[in-house]
Each structure stands twice: as C-alpha cells, then as structure tokens.
Amino acid sequence: MALEGEYDPSPMQWIREQVELYERSGGTEGTTLWDTGLPVVIVTMRGARSGRIRKVPLMRVEHEGRYAAVATKGGFPRHPVWYHNLSANPLVVLQDGPERRTMTAREVTGEEKAEWWERAVAAYPTYAEYEKTAGRVIPVFVLEPGPV
C-alpha cells in the first residue's frame, strides 16, 4: 500500500538528495549515512499538519522484521518534525534497500523501549551521546508490518 498525496521534499538539502538517490536507484545507492557506511532506511509518512507526504532517511535498526525509528534529531533539545508526523499518522511505508513495505508506527516505553534503545545504540553508537546532549527523553517508535 502506498501513501497517496502530494510529496513535499525536505527543506534540508542532504535529506532531499539522499531520498532522491535511494529511490531513483531502487534502493541500491544512498543506503548508508554519509561517509560512515552505516545503513539507513527511507520512511515515508504523512505530515501532521499539512497532510502532505514526507520522506526521511533513518538509521537502520531492525530486529525480526520490525524497525526502530529513534527521534534523536542529532542530540538537539527538540524532537524532529517527523516525530510529530508519526504520532499523528502512524501508517508509513518503509524502504529497506529495494524492499518496500507498509508498516505501523507506535511509540514504545518502559522495558520495550529499553530493549530497542539498546539495539539502536548497537547499530549507531552515537545515539548514546545524543541522549546526553539532548536534555530530553528521546522517543523511540517501533515500525511493524501491516496497516493501522
């Protein structure tokens, strides 16, 4: 299932370029974050206020067919815009390499969040630093197969 509607590319050039490369190549290029070599996925969602389609590259944190979306915003004190999008509209399309699938996002807490946080830090150790500098609780969503 695809999300229908008008696509609004990110105002951030690096995000726009990575999404374009990832999609144009069918998920064979643009699959890593900058020069780190760490894998990313593309998450397509509906904007919370605009209702338009948004796309973001997120670190690939996968476990048994489910994925984490970690709202660090690089350690900044505010949640990324996409956090509000997922909270308002949990139906997403996730592209992991060439494979696209419909997923449902839900914010996790407690022990489940701790498990996913551990997986996220294992995949991208810098998350631990972001947690210290953000001065806020960093939300974690789990993206699971299937529509809402």
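Everything numeric in this text was worked out from a predicted model, so none of it was measured.

The rules we used
- Residues numbered from 1 in each chain as written.
- Predicted model: local features only at pLDDT ≥ 70, side-chain atom pairs only at ≥ 80, totals over all residues.
- Heavy atoms only, no water.
- Axes fitted to C-alpha atoms, helices over the stretch in contact; angles between N-to-C directions.
- Helix = DSSP H or I, 4+ residues; strand = E, 2+ residues; numbered from the N terminus.
- Contact = heavy atoms within 4.5 Å.
- Nonpolar A, V, L, I, M, F, W, Y, C, P; charged D, E, K, R; others polar.
- Buried < 20%, exposed > 50% of the residue type's maximum accessible area, 1.4 Å probe, protein only.
- Core = buried A, V, L, I, M, F, W, Y, C linked by side-chain atoms within 4.5 Å.

## Quick notes on the packing of helix α3 (residues 110-123) against helix α4 (residues 126-134)
Each pair of packed helices can be summarised by the angle the axes make with each other and by the distance between the axes. Contact geometry of α3 with α4 gives a least axis separation of 6 Å together with a crossing angle of 120 degrees. Only Tyr127, Ala128 and Glu131 of α4 make contact with α3, whose side of the interface consists of Trp117, Ala120 and Val121. Residues of the contact of α3 with α4, tallied by class, amount to five nonpolar, no polar and one charged.

## Examining the side chain of glutamine 18
With respect to the helices, strands and loops of the structure, glutamine 18 is situated in helix α1 (residues 13-24). For glutamine 18, a relative accessible area of 8% translates into the label buried. In this structure glutamine 18 touches Gly30, Thr32, Leu33, Val40 and Pro57, once residues within four positions along its chain are discounted.

## Observations concerning the nonpolar core
Val70, Tyr127 and Val140 are the most contacted members of the largest nonpolar core, which totals 21 residues. Sequence-distant contacts of valine 70, defined by excluding residues within four places in its chain, comprise Trp82, Trp117, Ala120, Tyr127, Ile138, Pro139 and Val140. Counting 17 residues, the second-largest nonpolar core is a separate cluster that includes Val41, Leu58, Met103 and Phe141.

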